[in-house]
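Notes for the structure review
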Amino acid sequence: MDADRVFKALADPSRRKLLDLLYEKNGQSLGQLCEGLDMTRQSATQHLEILEAANLIGTVRRGREKLHFLNPVPLHDIYERWVRKFEHERLRLLHDLKQELEGD
């Protein structure tokens, strides 16, 4: 996984919106995705290419259509690497505080 590409892809609000649209309804065409955006097809295509390079989406051809699918694996990898370890410590501290306040 190339974390730099994932972070770069997630840095743009338009790309996050595209991911949200695919989360709501996976397997959309460019035309369907553009209906939920305020941008040209060319701009949307460029954003989708960045998302695909980061492996955040995959595509499948169906006839002349190109369908876009969300790939949550890189997001999960980011979560495991950058979020989970901090969350674990916070939960341990809350557990210890609870034990101290409630007693044995």
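Residues numbered from 1 in each chain as written. Predicted model: local features only at pLDDT ≥ 70, side-chain atom pairs only at ≥ 80, totals over all residues. Heavy atoms only, no water.

Under the annotation held in an unreviewed UniProt entry, the protein carries the name Transcriptional regulator and is attributed to Haematobacter genomosp. 1.

**Quick look at the layout of surface pockets**
Heads up, the rule is: Both cavities and pockets are sets of points on a 1 Å grid over the protein atoms alone; in a cavity a 1.4 Å probe fits but cannot get out, in a pocket the set is open with protein on both sides within 12 Å along at least five of seven lines, and lining residues sit with an atom within 4 Å of a point. Grid points are joined across faces, edges and corners, and a volume is the space filled by probe spheres set on the points. Put simply, DSSP marks the helices as runs of H or I at least four residues long and the strands as runs of E at least two long, and each gets a number from the N terminus on. Classes in brief: Ala, Val, Leu, Ile, Met, Phe, Trp, Tyr, Cys and Pro nonpolar; Asp, Glu, Lys and Arg charged; the others, Gly included, polar.
Its volume calculated, the largest pocket comes out at about 210 Å³. Listed by contribution, the elements that provide at least two residues to the lining of the largest pocket are α3 (30-35), α4 (41-53) and β2 (65-70). Broken down by element, the residue count for the lining of the largest pocket peaks at five residues, all from α4. Among the residues making up the lining of the largest pocket, the classes are represented as two nonpolar, five polar and six charged.

**A look at the side chain of His47**
Operational definition: Any pair of nitrogen or oxygen atoms within 3.5 Å is treated as a polar contact; in protein, a donor-acceptor pairing is required on top of that, and neighbouring residues in sequence qualify only through side-chain atoms on both sides.
As for its placement among the helices and strands, His47 is situated in helix α4. Within the local environment of His47, its side chain forms a polar contact with the side chain of Arg15, the two groups lying 3.1 Å apart.

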